[in-house]
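The primary structure of each chain is shown beneath.
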Amino acid sequence: MFSECDLVLIIDEKGRKYIFRLKKGGKFSSHLGTIEHNDLIGKEEGSMAKSQLGSEFLIFKPLYKDYIVKMPRGAQVIYPKDVATILLWADIFPGARVVEAGTGSGALTIALLRAIGTTGMLFSYEIREDFYKKAMKNIEEFMSLPNNLILKNKDIYEGIDEDIVDRVVLDLPEPWHVIPLLENSLKNGGIFLALLPTTIQVMNLVDSLEASRRFYPIEVFETMLRYWNVRGQSVRPEHFMVGHTAFIVIARKVAGNPSLFPRSMEHWKIGF
Ligand SMILES: C[S@@+](CC[C@H](N)C(=O)[O-])C[C@H]1O[C@@H](n2cnc3c(N)ncnc32)[C@H](O)[C@@H]1O
């Protein structure tokens, strides 16, 4: 049942989505009419609501992926398909100690917090004070600020304060500056992951990871998500899709020098 102060996702007959917080006496308005918040309070998730113009809307609690694409942004927010991939490939597990940078709008931060659970610790660095404050608000709006999140208004290139973390997840322009800092902060066997929009950045990062001789294997890939149209006889991919968001570079920290091993992409030959 919806209560006052709950976040609501409302979907109109064209599939347009809106998110707002329920307030006694509040109103939601679109060109399809107005709905009183009081009429939604007490309703069950998944039920219908009608505007005064007679248009029907479906009401749900917003999912994470609904929320992050609608939340106020400072920095470019990450796409849900990339978040999903990061959580699995970086093997973010309940109880993990994770360093993240930059926090940006806090979209990836929320996903990391949900994956590490209450027993994990997340240390998230953001260089810009305005983004740091916005991220804090966005996280609080979705899940209330947990005490296992340490948000820092700090340049990660100047140093990582934490020792022996399990994972380092970066979404910032020059992640190669962080590699020398991982000597003490990332544990051996730990995972380093960076999200990068351009090939030049990927090249610099892979060169730096290889030069450090502390990371193996190094994998680079991107994910594509293509929706399908399934209506009657028309079963085909949608005409439009998001073509490119970012590349993911991922590597494991080794205790020794991995130069005797084959180069990064050889794993394709020995199975996935
Ligand atoms: C693409 S955004 C990150 C978006 C974020 N992943 C999200 O889901 O909302 C990149 C962020 O990195 C921050 N940044 C850039 N360099 C940084 C540094 N050296 N230390 C910390 N944050 C940095 C930027 O200010 C920006 O907010």
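Residues numbered from 1 in each chain as written. Predicted model: local features only at pLDDT ≥ 70, side-chain atom pairs only at ≥ 80, totals over all residues.

In the annotation of an unreviewed UniProt entry, the entry for the chain reads tRNA (adenine(58)-N(1))-methyltransferase TrmI, and the organism field reads Candidatus Fischerbacteria bacterium RBG_13_37_8. If you open the UniProt record of the chain and go to Subunit (unreviewed entry), you find "Homotetramer composed of a dimer of dimers." (UniProt positions renumbered as here; feature names shortened; annotations may be inferred.)

Colleague: Please set out helix H3 (residues 80-89) residue by residue, giving values where relevant.
Modeller: Among the residues of H3, Asp82, Val83, Thr85 and Ile86 are the ones counted as buried. Seen end-on, H3 carries its buried residues on one side only, within an arc spanning 165°. Buried positions along H3 lie against helix H4 (107-116), strand S10 (165-170), strand S11 (186-196) and strand S15 (247-253). A positive phi of about 55° marks Asp91, the residue just after H3. (Buried ≥ 20, exposed ≤ 12 C-beta atoms within 10 Å, placed from the backbone. Helix = DSSP H or I, 4+ residues; strand = E, 2+ residues; numbered from the N terminus. Arc of directions from axis to C-beta. Contact = placed C-beta atoms within 7 Å.)

Colleague: Residue-level account of the UniProt feature "binding site: S-adenosyl-L-methionine" (unreviewed entry) in the chain, with values.
Modeller: Under the UniProt annotation, the feature "binding site: S-adenosyl-L-methionine" (unreviewed entry) is placed at Ser105, Gly106, Ala107, Leu108, Glu126, Asp155 and Asp171. Secondary-structure assignment places Ala107 in helix H4. On the basis of neighbour counts, which here come to 29 C-beta atoms within 10 Å, the residue Ala107 falls in the buried class. If we ignore the near neighbours within four places in the chain, the residues touching Ala107 are Ile68, Val77, Ile78 and Val83. With respect to the helices and strands, Asp155 occurs in the loop between strand S9 (149-153) and S10.

Colleague: Any details on the packing of H3 against H4? Residues and values, ideally.
Modeller: Relative placement of two packed helices is described by the angle separating their axes and the distance separating the axes. Where H3 meets H4, the axes come as close as 10 Å, and the angle between the chain directions of the two elements is 40°. Comparing the axis directions of H3 and H4 gives the class oblique. For H3 against H4, the interelement crossing comes out right-handed. Packed against H3, whose contacting residues are Val83, Ile86 and Leu87, the element H4 presents Ala107, Leu108, Ala111 and Ala115 at the interface. Partitioned by chemical class, the residues of the contact of H3 with H4 number 7 nonpolar, no polar and no charged. (Axes fitted to C-alpha atoms, helices over the stretch in contact; angles between N-to-C directions. Parallel < 35°, antiparallel > 145°, perpendicular 65-115°, else oblique. Left-handed = near helix turned anticlockwise from the far one by under 90°. Nonpolar A, V, L, I, M, F, W, Y, C, P; charged D, E, K, R; others polar.)

Colleague: Outline the site of the ligand, listing residues and values.
Modeller: Near the ligand there are 22 residues, and of these Ala75, Gly102, Gly104, Ser105 and Ala107 occur at the shortest range. Residue assignment for the shell around the ligand shows that the elements contributing at least two residues are H4 and strand S8 (121-126). Looking at the shell around the ligand residue by residue, the class counts come to 13 nonpolar, 5 polar and 4 charged. (Near = placed C-beta within 6 Å.)

Colleague: Describe the sheet that holds strand S7 (residues 97-101), listing the residues and the values that go with them.
Modeller: A sheet is described by the order of its strands in space; here 7 strands give the open sequence S9-S8-S7-S10-S11-S15-S12, paired in mixed fashion. Unpaired on one side and paired on the other, S9 and strand S12 (215-221) mark the two borders of the sheet. The average undirected angle you get between the axes of adjacent strands in this sheet is 15°. Summarising the sheet, S8 and S9 pair through 5 bridges and their orientation is parallel. The residue of S9 that forms the bridge with Phe123 is Ile150. On the sheet, helix H5 (residues 129-143) packs against S8 and S9 and is oriented at approximately 160° with respect to S9. (Pairing = 2+ DSSP bridges.)

Colleague: Describe in detail the domain arrangement of the chain, supporting the description with residues and values.
Modeller: Segmenting the chain into domains produces domain 1 (7-62) and domain 2 (66-268). If you average the C-alpha positions of domain 1 and of domain 2, the two centres end up 34 Å apart. (Domains from an automatic or database assignment.)

Colleague: How would you summarise the nonpolar core if you had to cite specific residues and measurements?
Modeller: Among the nonpolar cores identified, the biggest contains 55 residues, and Val98, Leu112, Val168 and Leu193 are the most heavily contacted of them. Among the elements that line this core, the one with the most residues is H4, at 8 residues. When residues no more than four places from it in sequence are discounted, the contact partners of Leu193 are Ile86, Trp89, Ala90, Val169, Ile248 and Ile250. The next biggest cluster of nonpolar side chains, apart from the first, holds 6 residues, and it includes Phe28, Ile35, Phe57 and Ile59. (Core = buried A, V, L, I, M, F, W, Y, C linked by C-beta atoms within 7 Å.)

Colleague: Could you give an account of the sheet that holds strand S2 (residues 17-21), with specific residues and numbers?
Modeller: One open sheet holds the 4 strands; their spatial order is S2-S1-S6-S5, and the pairing between them is antiparallel. Looking at which strands have only one partner, the edges of the open sheet turn out to be S2 and strand S5 (48-50). Recorded for the sheet is a direction-independent mean angle of 35° between the axes of neighbouring strands. Bridge count for strand S1 (residues 7-11) against S2 is 5 bridges, and the pairing is antiparallel. Bridge pairing links Leu9 to Ile19 in S2.

Colleague: Would you mind going over the environment of Arg213 in detail, with residue names and values included?
Modeller: Tracing the backbone through its elements, the reader meets Arg213 in the loop between helix H7 (199-212) and S12. Looking at Arg213, the number of C-beta atoms within 10 Å reads 12, which means it is exposed.

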